[in-house]
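A structural walkthrough
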Amino acid sequence: MKLSIRTKLLAALGVDLLLMLVLGSFALHQMSIMNQKADFVVNQTILSIDLVNAMNDIILNYRTRQMEYILNAAPADKQRIEKELLDLEQRMDDMFRRYNASYQPDQTERTVFEQVQKDWERYVHLTHTQFIPANRNSNTGNVHPSFGRLSPLYGSLQTNIQKVREQSQARAEAARVSVETAYATSRFVIVSETFLTLVVSAVIGLTLSGNIARRIRTLRDATVAVAQGDLDQRVALRGSDELVLLANNFNLMVASLRQQRVLLEERNAELSASLEAQRKLMDDLVQRKQAEEAAHRAQAAAEAASHAKSMFLATMSHELRTPLNAILGYVQLLHLEAHMRGRSEMLPDLERIRSAGKHLLTIISNILDFSKIEQGKMNVEINPFSVDTVAREVIGIIEPLARNRKNTLNLVCPPDAGMMQSDAGKVRQILFNLLSNAVKFTEEGTVTLTVERERHPDGDWVQFSVADTGIGIAPEQMAHLFQPFYQVHQNRSRNYGGTGLGLALSRQLCRLLGGDIRVTSEVGRGSVFTVRLPACIDAAHTADVRLDFAHSAHYGIADEYRITTTSSLHTTTSISA
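Tallying secondary structure elements over the chain gives 13 helices and eight strands in all. A buried classification covers 36% of the 577 residues belonging to the chain. Partitioning the intrachain contacts of the chain with sequence separation of at least 6 by distance along the chain shows that 75% fall at a separation of at least 24.

Quick look at the structure:
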């Protein structure tokens, strides 16, 4: 994958952040589990044990009062004990209500507790129907048989109360073990992931630093070899980052030096041949004057060649240093000096870079949006918005483009356009694509955006029509109009620019919002693009969106539909460019 050094460093940072986020999320999850278990112990188990102990105390006191009732012969004492028994019964009923209202036992505990409640109710019933009547008038102090008949119920109450206490303690112990297990697990995972994060960070850091250092050494070795006279050096680096761009410019510089060296060698060869001819001429000529003249001519040619060589080397030295300094300056200072040192002469370059980057970002954004829609991953954010507001926003954005093309831009929007429950951003993008296309293919003409609301019993629809008086579209090109990367006017002598994604993306966005787009056109007279969208789509539409849903659900067989003539009630806004 071809990535810049900055992108690689950001990706490494992103991996570290992701690992830390995963670590933090797991720690929070484990802390939540331990907090829930602790809350259970405090709010459930301890409460249950306290209530069970209180119930057991009431049962013991109740049994004790029964013994006192047998042993006390005075009527006043018996009346007092009967009142105390009633108070204990009321306290026991309060305990049962608190247990049922505040504690959430499992099925086993619930069964045992219900048995305790039944035994208690029967125990109280026998006390009032058998025990008290049999011993109320007894003054002997002897144990009546009715007291013995209560003993099995008393034993059952004691046994079941003990079972409830043991079950509550068992749940408390299980919660404690769960908290300890969650703590041990979280500690192990946190330590392991921390170690993994350190290892991954070290591997990424060592890999990136090693790769960058290796390529910088390659460039350094090549520059040293060139400085020593080896012009056959060539730096081959893979990728598309800053070092690769620097290596490519270095290779261009070395290639230029090699070419100039060949030219110098050819000139030296010519000079050597000329000198050899002069030597032979001097040997052949007898007369001294002719030899001196030949020597003067050879000397003049040699001086001229030497001067030319000196001039060439000086010029080329300057010309080669200039682009090399420019490369180094752009690499080191382009992003810093313009803002830090006020280098205004660099601002035009920055502006051209910004414009080119903005155009490239638009192309990439369209491609990414189109890819998301094709894969079914484009989300729909449904919110209410004013149709008139969105239309006027898009008109305001397109107006400077229309002014540059000397076009008149019109907006026809009725007062009852109302609200839409849809994705305002995608509606705005659809209208922007259609209007920008209309302005691009129209010069000194008229572009009109017409908004209409169609009312139906099963739901309203909103229709947007973009009409222009531009160059139009040939019938044979209509079938390919909405294909990705297809440009209708790409074969014309004039180049209108663009990537051929705008209309394809607009149609997919329309279908994503439950509608569709149609077009009618005539060559030389202009085109009309009509978008028809439901005024309200619900949240269920975003759960499992399909690109062809709206077309199959609302339209069926593809057909062309006409633009409805605006009535006198419509409000027209005209913007002259």
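So, about the pairing of strand 5 (residues 461–468). Summarising burial for strand 5: seven of the eight residues are buried, a large majority. Examined bridge by bridge, strand 4 (residues 446–454) and strand 5 share eight bridges and lie antiparallel to one another. Its bridge partner being in strand 5, Thr 448 is matched across the sheet by Ala 467. Between strand 4 and strand 5, which pair antiparallel in sequence order, lie six residues; one of them, Gly 459, sits at a positive phi of approximately 140°. Looking at chain direction, strand 5 and strand 7 (residues 526–534) are connected through seven bridges and run antiparallel. Bridge pairing links Gln 463 to Arg 532 in strand 7.

This part is about the packing of aromatic side chains. Geometry of an aromatic ring pair is reported as the spacing of the ring centres plus the angle between the planes. Tallying each qualifying case throughout the model produces six aromatic pairs. On the numbers, 6.3 Å between centres and 25° between planes, the contact of Trp 120 with Tyr 123 is stacked. Here Trp 120 pairs with Tyr 123, and both are found in helix 3 (residues 107–135), just three residues apart, close to one helical turn. Classification of Tyr 123 by relative accessible area gives buried; the value is 1%. Lying over the aromatic face of Tyr 154, Arg 63 brings its terminal NZ or CZ to 4.8 Å of the ring centre. Of note, Arg 507 hangs over the ring of Phe 482, and the distance from its end group to the ring centre comes to 4.0 Å.

What follows covers helix 2 (residues 75–102). Because each turn of an α-helix spans 3.6 residues, side chains separated by three or four positions end up pointing in the same direction. The end-to-end C-alpha distance of helix 2 is 41 Å, a good match for the 40 Å that 28 residues give at a rise of 1.5 Å each. Where helix 2 is concerned, the buried positions are Lys 78, Ile 81, Glu 82, Leu 85, Leu 88, Glu 89, Met 92, Met 95, Phe 96 and Tyr 99.

Glancing now at the nonpolar core. Leu 449, Val 451, Phe 464 and Phe 529 are the most contacted members of the largest nonpolar core, which totals 46 residues. Elements with a minimum of two residues in this core: helix 9 (387–404), strand 2 (408–413), helix 10 (424–440), strand 4, strand 5, helix 12 (502–512), strand 6 (516–522) and strand 7. Of the residues forming this core, the biggest block, eight residues, is contributed by helix 10. In this structure, Val 451 is in contact with Val 387, Ala 391, Leu 411, Val 412, Cys 413, Pro 414, Ala 417, Val 462, Gln 463 and Phe 464, ignoring residues within four places of it in sequence. In this structure, Ala 54, Met 95, Tyr 103 and Ile 161 belong to the second largest nonpolar core, which totals 33 residues.

It is worth spelling out a nonpolar patch on the surface at this point. Nonpolar side chains collect at one region of the surface, where Leu 10, Leu 13, Leu 17 and Met 20 lie side by side and expose about 370 Å² of accessible area between them. In this structure, Met 20 sits in helix 1 (residues 5–71). What makes Met 20 partly exposed here is its relative accessible area of 45%.

So, about the packing of helix 4 (residues 145–227) against helix 5 (residues 242–284). Following both chains from N to C, one finds helix 4 and helix 5 inclined at 15°, their axes separated by 11 Å at the closest point. What the angle tells us is that helix 4 and helix 5 run roughly parallel. Helix-helix and strand crossings are classified by hand; for helix 4 and helix 5 the assignment is left-handed. Across the interface between the two elements, Ile 212, Arg 215, Ile 216, Leu 219, Ala 222, Thr 223 and Val 226 of helix 4 pack against Leu 243, Val 244, Leu 246, Ala 247, Phe 250, Val 254 and Leu 257 of helix 5. For the contact of helix 4 with helix 5, the class distribution of residues is 12 nonpolar, one polar and one charged.

Here we come to the packing of helix 2 against helix 3. Helix 3 packs onto helix 2 with a crossing angle of 165° between their chain directions and a minimal axis gap of 12 Å. Accordingly, the angle class assigned to the pair helix 2 and helix 3 is roughly antiparallel. The interaxial crossing formed by helix 2 with helix 3 has left-handed handedness. Facing Lys 78, Glu 82, Leu 85, Leu 86, Leu 88, Glu 89, Met 92, Asp 93, Phe 96, Tyr 99 and Asn 100 of helix 2, the residues of helix 3 in contact are Glu 109, Arg 110, Phe 113, Val 116, Gln 117, Trp 120, Val 124, His 128, Ile 132 and Asn 135. When the residues that make up the contact of helix 2 with helix 3 are grouped by side-chain class, the tally is 11 nonpolar, four polar and six charged.

To continue, consider the side chain of Ser 506. For Ser 506, the location among the structural elements is in helix 12. If we skip the residues at most four places from it in the chain, Ser 506 touches Ile 430 and Asn 433.

As a further point, take the pattern of salt bridges. Where charged atoms from two side chains of opposite charge come close, those side chains can pair. A full pass over the atoms with the stated rule returns 21 salt bridges. Ionic pairing is found between Asp 460 and Arg 453, a salt bridge with its closest N-O pair at 3.3 Å. Close ionic contact of Asp 460 with Arg 455 constitutes a salt bridge, the shortest N to O distance being 3.0 Å. With relative accessibility at 52%, the residue Arg 455 sits in the exposed group.

Another point: the pairing of strand 7. Strand 7 sits mainly inside the fold: nine of its nine residues count as buried. Burial along strand 7 is two-sided: Gly 526, Val 528, Thr 530, Arg 532 and Pro 534 facing one way and Ser 527, Phe 529, Val 531 and Leu 533 facing the other are all buried. In the sheet, strand 6 pairs with strand 7 via seven bridges, with the strands oriented antiparallel. Along strand 7, the bridge assignment pairs Thr 520 with Val 528.

Moving on to helix 9. Its 18 residues place the ends of helix 9 27 Å apart at the C-alpha level, agreeing with the 26 Å of an ideal helix rising 1.5 Å per residue. Maximum bend of helix 9: about 40°, positioned at Ile 398, with proline Pro 400 one to four residues after it. Val 387, Val 390, Ala 391, Val 394, Ile 395, Ile 398, Glu 399 and Ala 402 are the residues of helix 9 that are buried. Phi for Lys 406, located one or two positions after helix 9, is positive at around 60°.

This prediction gives the chain a mean pLDDT of 77; 74% of its residues lie at or above 70. Throughout residues 546–577 the model reports pLDDT below 50, and contacts reaching past four residues in sequence, or to other chains, amount to 77 contacts.

So, on to unusual backbone geometry. Positioned with a positive phi, Lys 406 is a non-glycine residue whose angle comes to about 60°. By the secondary structure assignment, Lys 406 is in the loop between helix 9 and strand 2. The phi angle at Glu 444 is positive, at roughly 55°, despite the residue not being glycine. Counting through the fold element by element, Glu 444 comes out in the loop between helix 10 and strand 4.

Here the focus is the environment of Ile 132. Summarising the element assignment, Ile 132 is placed in helix 3. In this structure, the C-alpha to C-alpha distance between Ile 132 and Ser 146, residues 14 residues apart in sequence, is 8.9 Å. Apart from residues lying up to four places away in sequence, Ile 132 is in contact with Tyr 69, Glu 82, Leu 85 and Thr 127.

Quick notes on the rules
- Residues numbered from 1 in each chain as written.
- Predicted model: local features only at pLDDT ≥ 70, side-chain atom pairs only at ≥ 80, totals over all residues.
- Heavy atoms only, no water.
- Helix = DSSP H or I, 4+ residues; strand = E, 2+ residues; numbered from the N terminus.
- Buried < 20%, exposed > 50% of the residue type's maximum accessible area, 1.4 Å probe, protein only.
- Contact = heavy atoms within 4.5 Å.
- Pairing = 2+ DSSP bridges.
- Phe/Tyr/Trp six-rings, centres within 6.5 Å; stacked < 30°, edge-to-face > 60°.
- Lys NZ or Arg CZ within 6 Å of the ring centre and 35° of its normal.
- Expected span 1.5 Å × (residues − 1).
- Core = buried A, V, L, I, M, F, W, Y, C linked by side-chain atoms within 4.5 Å.
- Patch = residues over 30% accessible without salt bridge, like charges linked within 9 Å, V, L, I, M, F, W, Y side chains within 5 Å.
- Areas by Shrake-Rupley, 256 points an atom, 1.4 Å probe, with all protein chains shown as cover.
- Salt bridge = Lys/Arg side-chain N within 4 Å of Asp/Glu carboxyl O.
- Axes fitted to C-alpha atoms, helices over the stretch in contact; angles between N-to-C directions.
- Parallel < 35°, antiparallel > 145°, perpendicular 65-115°, else oblique.
- Left-handed = near helix turned anticlockwise from the far one by under 90°.
- Nonpolar A, V, L, I, M, F, W, Y, C, P; charged D, E, K, R; others polar.
- Bend = angle between axes of the 7 residues up to and from the residue.
- pLDDT = per-residue confidence, 0-100.

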